[in-house]
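Fold and geometry: a report
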Amino acid sequence: MTMIRRRPDKVTQDLLRPLLTTGKAFNFIAALSLVMFSLYVYAFYLQFVQGHGFTTRQSTPVGAVWGLYAAIIVFFIGISHVGIGVSAAARLLKLEYLRPLTRIAELLTLFCLPGAVLMITLDIGRPERFVLNVMRYGRIQAPFVWSATVISVYLFASIIYLYLSMRRDFAVAADLVPKWGRLYRLLALGYTDTKEERELHERTLWWLALVLIPIMVSVHSVYGFVFGLHGGRPGWFNPFMAPFFVLGAIINGFATLIIVVVIIRKVFQWEQYLSLQIIRNLGRFLCWMTVLYIYFTAAEYLTYSYTPPAGEAYVVQTVLVGEFSHIFWPAMAALIIGFLMLLLNQTIFHRQFTLWITVAGATLINVVLFATRYLIVIPSLLRPLLPFPSGAYTPTLYEWGAFLGVVGFVIGAYIVFLKIFPAIELPLPGEVEGKGS
């Protein structure tokens, strides 16, 4: 029986280096993330004691019953889309150049989904009643029951997928990283790295990736249905909400992945593993998905502006020329600029490819996606079809603090994981010999 090679090769040593050394930057970012997360805890405490009315400006019947929290939930669930998308593409389509990215992407799913759940616990008002009441009184026709179901299944299946893909790494690292050796041996569960075990894991991961793709699509489709099946809110009742949300999630996730990959590449000096060509391929994909998003956005507002019912006309007016125009037009300008930065850098002037332009374009697009989620949620809530006067809503500092807190949770959990576990799959023996020859 072939056992795991215990003598580390140069590639394995390099990939395990972040686990063996701790710099001041890690301590600073970890402390900053903890401080940021404390803002969420404080907002949660105030809201639990004082209620929504104290910590937010959400109100009913005059005002927005959903606010910044709902936009943040959709934003983080969108980012989580990229994990299984990249990993499944690498395995199902045998895109080997994506293999170094798979775990980095999967971690975005692993931590952004709980980040979204943290915001859900604030948004629902009484989190201690949520699980019990959904299980006891939830109806199968309700989109919120669908969302609770698909998020739970997606998170559980993603954890299994990540664990199976890491089991060999646990066994390899057990003797090479002494301070975590016992933990790795426990998690490896007797893995011995035989050919049969590798083949079994690859087959299992292949089928699990195939199953996870429709689950992944359903997660964001459900949040599109949460809005799109609301006939009583102008601007929401739309059969294209689900595919529009899925497209936005793909763009959101890949834009975030580009930023994270570039940061990891720079911090760990992994230029040979996370090559410029990989980042260029991600940039190209993001560029052409952004074209579709621009088309969807133009089609949506053209439809609503042409001969709309009174409710839709009122909502669109507030977005295009009214109180929300100061968000909409800068967001659209940033979307076009971000797209052009990617297009020029990836296609027209590709021989002068510049990394920072791709990162800047991805960052702009990410900011735009957050702004557009806000514009989906708020204007329609402030213009009800029922005979209530128009309301007003502006996020409070508590809401922004909660947002920073969830960002701190995601960043902190991500860097702690990278400190304990390998960020890139460790090479197989044949790959190591090939690299050394």
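Notes on the structure in this doc start here. Counting restarts for each chain, with residues numbered from 1 along the sequence as it is written. This being a predicted model, a pLDDT of at least 70 is required before a residue's local features are given, and a value of 80 or more before pairs of side-chain atoms are given or counted; all residues contribute to the totals for chains, interfaces and linings. Hydrogen atoms and water are omitted, and side-chain values are computed over all heavy atoms in the structure.

**What about the pattern of salt bridges?**
By definition here, a salt bridge exists when the distance from a side-chain nitrogen of Lys or Arg to a carboxyl oxygen of Asp or Glu is within 4 Å. Per the stated rule, a full pass over the model turns up 8 salt bridges. For E96, the salt bridge identified is with R99, shortest N-O distance 3.8 Å. E96 sits in the partly exposed class, given a relative accessible area of 49%. Residue R99 is joined to E202 by a salt bridge in which the shortest nitrogen-to-oxygen separation is 3.7 Å. Residue R99 is located in helix α5 (residues 99–123), and its partner E202 is located in helix α9 (residues 195–228); the two are separated by 103 residues in the primary sequence. Through salt bridges with shared partners, a single network forms among R91, E96, R99, E202 and E425. Buried, partly exposed and exposed residues are distinguished by accessible area as a fraction of the type maximum, computed with a 1.4 Å probe on protein chains only: under 20%, between the cut-offs, and over 50%, respectively. In this text, helices come from DSSP runs of H or I with a minimum length of four residues, and strands from runs of E with a minimum of two, each type numbered from the N-terminal end.

**Side note on the packing of α5 against helix α7 (residues 143–173)**
In this description, a line fitted to the C-alpha atoms serves as the axis of each element, helices being fitted only across the stretch in contact, and the angle between N-to-C directions of two axes falls anywhere from 0 to 180 degrees. As a packed pair, α5 and α7 sit with axes 10 Å apart at the nearest point and diverge in direction by 150 degrees. Between α5 and α7, the crossing angle belongs to the class labelled roughly antiparallel. Between α5 and α7 lies a crossing of left-handed hand. Of the residues in α7, those touching α5 at R103, E106, L107, T109, L110, L113, P114, V117 and I120 are I151, Y154, L155, S158, I159, Y161, L162, S165, M166 and D169. Among the residues making up the contact of α5 with α7, the classes are represented as 13 nonpolar, 3 polar and 3 charged. Between 65 and 115 degrees an angle is taken as roughly perpendicular, under 35 as roughly parallel, over 145 as roughly antiparallel, and anywhere else as oblique. Left-handed describes a crossing whose near helix is turned anticlockwise from the far helix through less than a right angle; right-handed describes the clockwise counterpart. The contact criterion used throughout is that any non-hydrogen atoms of two residues lie within 4.5 Å. Three categories are distinguished: nonpolar for Ala, Val, Leu, Ile, Met, Phe, Trp, Tyr, Cys and Pro, charged for Asp, Glu, Lys and Arg, and polar for the others, with Gly belonging to the last.

**Notes on the packing of α7 against helix α8 (residues 181–188)**
Axis separation between α7 and α8 bottoms out at 8 Å; the angle between their running directions is 135 degrees. Classed by the angle they form, the pair α7 and α8 counts as oblique. When you trace α7 past α8, the crossing you get is left-handed. Of α8, the residues touching α7 (which contributes Y163, R167, F170, A171 and A173) are Y184, L187 and A188. By residue class, the composition of the contact of α7 with α8 is 7 nonpolar, no polar and 1 charged.

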